[in-house]
Amino acid sequence: MSKTTRLFTRIEALIERIEQLLPTGGSSAPDWSAHAFRWRRSAERGWLQPIHAPQRLSLDDLLCLDRQKDEIARNTRQFIDGRGANNVLLWGSRGTGKSSLVKALFNAHRDAGLRLIEVDKDDLIQLPDILDLIVDRPERFILFCDDLSFEASESSYKALKAALDGSIAATPDNVLIYATSNRRHLLPEFHSENREARMLDGELHHGESVEEKISLSDRFGLWVAFHPFSQTQYLGVVRHWIERLDQAPTKRSEADWASIERAALQWALRRGSRSGRTAWQFARDWIGRETPD
C-alpha cells in the first residue's frame, strides 16, 4: 500500500468519526408544526427533536391534586396570556403526579399556543442554545426538566441558575421552566453541614455550601409540594383507573370492588408506596388479567 493510499484511508476514517459526532438533522430548522420537543445532543451540538405523538394525559385523570392543579394551572394561564408568571418547582414524594401534571397542562393548552420542550439534566449546559432558538417565536414555551436533582460534585446546575435568574442576558418572555424533583432544594443535604454553622457577633451564619444549595431552588418563584396519598385517596385513584382502562365496561358489585381494593392494597404494600403511579400500574395489571385471551 502506497503512502498516498494510506493517507486517503486515514482521511476517510477521520471523516467517518467526525460524521458520527454530528447530530442527524442538527443543521436543519426545527419542525415547528410539532407541539412538543425533546432536546437532543451529540457531542457539543444539539437540536430540537419534534415529538408528534406526546403522551395524552388529561387533567381529569389526576385525582387528589386539586390544590396543585389549581395553582399551576393559574400560573400557566397567566403565562399564556402574557401576564406575570413564575418558573415552577414541583417537588415531593415519588409517583404523586408531578410529571403527569405538567404533561396534562400542556395537553390542555397546546391549542392556545403552549409548547413543551423536555430537557435532560445533562443537557442543561446548552440552555443558552435552546433559548436562542425560541426567543423570537410567537409560541409560549415550557422547558420541562423531569426528575431534576444534582449531586454535590456536579456543576451543571449553574447553567440552570443563570437561566432562572442571574445571567446578564434576560430570559425571553415566552419561556418558563417547570422542573420536578423528589428533593426540595434539588441537591443533597447532609447532617455534617450543620456543623459548619457558627456563632459570630450574636448571629447564626450557615455554611456557604448550604447557601449555595438553597440558592438554586430559591430561583423558582413557585414551589408546589406533593405528598403521599392516604389509603382512601389511593383506592379512589385505583377505582378511577380501573373504570378508565376497562375497554369493555364491566358492571361490578360492591363485593367485586372489595376484592379489587384488597388486591390493590397488597400491591401497594409490596411496592412500599401508595401513589397515583402505583394505582395506575395496579389497574393496568388488573385489567390485563380480566381481559380474555
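Analysis parameters
- For every chain, the first residue of the written sequence is number 1, and numbering continues from 1 onward in sequence order.
- Only residues with pLDDT of at least 70 get local features here, since the model is predicted, and only at 80 or more are side-chain atom pairs given and counted; chain-wide, interface and lining totals rely on the full set of residues.
- No hydrogens and no water enter the side-chain calculation; it runs on all heavy atoms of the structure.
- Being paired, for any two strands, means DSSP has found at least two bridges between them.
- Segments assigned H or I by DSSP are reported as helices when at least four residues long, segments assigned E as strands when at least two residues long, and all are numbered from the N terminus.
- In this description, a line fitted to the C-alpha atoms serves as the axis of each element, helices being fitted only across the stretch in contact, and the angle between N-to-C directions of two axes falls anywhere from 0 to 180 degrees.
- By the convention used here, residues are in contact when the closest approach between their heavy atoms is within 4.5 Å.
- Each residue gets one of three labels from its accessible area relative to the maximum for its type: buried under 20%, exposed over 50%, partly exposed in between, using a 1.4 Å probe on protein chains only.
- In this tally, Asp and Glu contribute negative charge and Lys and Arg positive charge; neither His nor the terminal groups of the chain are included.
- Every case where a carboxyl oxygen of Asp or Glu lies within 4 Å of a side-chain nitrogen of Lys or Arg is listed as a salt bridge.
- Polar contact criterion, stated in full: a pair of N or O atoms within 3.5 Å, where within protein one must be able to donate a hydrogen and the other to accept it, and residues adjacent in sequence count only if both atoms are side-chain atoms.
- For this analysis, a ring pair means two rings from Phe, Tyr or Trp (six-membered ring only for Trp) whose centres lie within 6.5 Å, classed as stacked if their planes differ by under 30 degrees, edge-to-face if by over 60, and tilted for the remaining angles.
- Note on criteria: charge over ring means Lys NZ or Arg CZ within 6 Å of the ring centre, with the direction from the centre no more than 35 degrees off the ring normal.
- Each residue after the first adds 1.5 Å to the expected span of a helix.
- This arc corresponds to the set of directions leading from the helix axis out to the C-beta atoms.

### So, the sheet that holds strand β4 (residues 114–118)
In space, the seven strands of this open sheet follow the order β2-β1-β4-β5-β6-β3-β9, with mixed pairing throughout. Either end of the sheet is taken by a strand with one partner, and the two such strands are β2 (45–51) and β9 (222–226). Going across the sheet, the axis of each strand differs from the next one's by a mean of 25°, ignoring polarity. On the sheet, helix α4 (residues 127–134) packs against β1 (36–42), β2, β4, β5 (140–145) and β6 (175–181) and is oriented at approximately 160° with respect to β5.

### Quick notes on the side chain of Arg-140
Looking at the secondary structure, you find Arg-140 in strand β5. Despite being buried, Arg-140 has no salt bridge partner; Asp-173 is the closest side chain of opposite charge, sitting 6.7 Å away. Only 2.9 Å separates the side chain of Arg-140 from the backbone oxygen of Phe-79, close enough to count as a polar contact. Residues contacting Arg-140, with those up to four places away along its chain left out, are Phe-79, Ile-80, Gly-82, Gly-113, Leu-114, Arg-115, Asp-173 and Asn-174.

### Structural notes on the packing of aromatic side chains
Taken as a whole and assessed by the stated rule, the structure comprises four aromatic pairs. Geometrically, the ring pair formed by Trp-32 and Phe-37 is edge-to-face, given 5.6 Å between the ring centres and 65° between the ring planes. You'll find Trp-32 and Phe-37 in the same group, each marked buried. Seen in terms of ring centroids, Trp-267 and Phe-282 are 5.8 Å apart; in terms of plane orientation they differ by 70°. Their pairing is edge-to-face. A residue pair is termed long-range when its members are at least 10 positions apart, and Trp-267 in helix α8 (residues 254–271) and Phe-282 in helix α9 (residues 276–290) qualify at 15 residues. Phe-282 shares its class with Trp-267; the two are buried. Just above the ring of Trp-257 sits the side chain of Arg-239; from NZ or CZ to the centre is 4.2 Å.

### What to know about α9
In a regular helix each residue adds 1.5 Å, so 15 residues correspond to 21 Å; α9 covers 21 Å between its end C-alpha atoms and thus fits that length. If you check which residues of α9 are buried, you get Gly-276, Thr-278, Ala-279, Phe-282, Ala-283, Trp-286 and Ile-287. When α9 is viewed along its axis, its buried side chains cluster within an angular range of 160° and face the same direction. Contacts from the buried residues of α9 go to α7 (231–245) and α8.

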